[in-house]
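Chain by chain, the residues run as shown.
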Amino acid sequence: MADGSTADGGLRAVFLAQRAMLLRLFVARLGSREEAEDALHDLWLRLDQLGATPIAQPAAFLYRVASNLATDRRIAGARRDARDGAWLASQPAADDMPDPERALVARDALRVVEQAIDAMPERMGRALRLFRIEGRSQRAIADELGISVSGVEKLLQRAYRILHIRVAEVNGAVPALGMEQER
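Residues numbered from 1 in each chain as written. Predicted model: local features only at pLDDT ≥ 70, side-chain atom pairs only at ≥ 80, totals over all residues. Heavy atoms only, no water.

1. Here's the deal with helix 2 (residues 33-50)
As a reminder of what qualifies: A helix here means a DSSP run of H or I that spans at least four residues, while a strand means a run of E at least two residues long, and both kinds are numbered starting from the N terminus. Here the expected span of a helix is defined as 1.5 Å times the quantity of residues minus one. Only protein chains enter the accessibility calculation, which uses a 1.4 Å probe; a residue whose area is less than 20% of its type maximum is buried, one above 50% is exposed, and one in between is partly exposed. The arc under discussion is defined with respect to the helix axis, by the directions toward the C-beta atoms. We call two residues in contact whenever any of their non-hydrogen atoms come within 4.5 Å of each other.
Taking 1.5 Å per residue, 18 residues should reach 26 Å; helix 2 reaches 26 Å between its end C-alpha atoms and fits that length. Regarding helix 2, the residues found buried are Ala36, Ala39, Leu40, Leu43, Trp44 and Leu47. Burial along helix 2 is one-sided: seen end-on, the buried residues are contained in an arc of 145°. Along helix 2, exposed side chains directed more than 90 degrees from the buried face belong to Glu34 and Gln49. Buried residues in helix 2 make contact with helix 1 (11-30) and helix 3 (58-90).

Below you can see the structure in the form of structure tokens.
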């Protein structure tokens, strides 16, 4: 620690004399001895930054700074806990993470869907991509393709049927009746 000299003869000396009381204040306000020790150290560093600034009532000043420091630490801790809690809440649970086999099956399914979309007539594949991937409205798609909203709905229905049939074929399932005519 520093030599303890200030212009008024003792802010650091008052700190050293009041250290036990300041520690109790921090423990009471922060709830943890470890946190209180850290706060006490921060207080010492703040006093070191003041240098030889004269203080009229060093004990009162010291307790005011300690009180403000404890309040700042409590607020920062609450913000940190809220931030960490929000981050943890947004993380997927271990059960939500796919195992390697499920990931492989999902990649295969995606490949099948992409191939089916690529095999669709250009306007149908474009309408499906605009609607499902880009999230455009059917009205916006109709305007872009130069057709009616009803035309977009029909394109999307046929695209969904094609996807359903293709995925069913790959999975070895029999498509529902009436679907095979859409090919």
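2. Overview of the nonpolar core
Convention followed: In plain words, nonpolar cores are sets of buried Ala, Val, Leu, Ile, Met, Phe, Trp, Tyr and Cys residues tied together by side-chain atoms within 4.5 Å.
Counting residues in hydrophobic clusters, the biggest one holds 20 residues, and the most contacted among them are Phe15, Leu22, Phe26, Leu43 and Leu62. Taken together, the elements giving at least two residues each to this core come down to helix 1, helix 2 and helix 3. Residues Ala116, Leu145, Leu156 and Ala159 belong to the second largest nonpolar core, which totals 15 residues.

3. Focus on the pattern of salt bridges
Stated precisely, the cut-off is as follows: Whenever a carboxyl oxygen of Asp or Glu lies within 4 Å of a side-chain nitrogen of Lys or Arg, that contact is scored as a salt bridge.
Following the criterion strictly, the structure yields 13 salt bridges and no others. A salt bridge links Glu37 to Arg33, with the nearest nitrogen and oxygen atoms 3.5 Å apart. Of this pair, Glu37 and Arg33 both sit in helix 2, four residues apart, roughly one helical turn. Among the ionic pairs, Glu144 bridges to Arg136, the shortest N-O distance being 2.3 Å. Judged by its relative accessible area of 34%, Glu144 falls in the partly exposed class. Members of the salt-bridge network, linked through shared partners, are Arg126, Glu134, Arg136 and Glu144.

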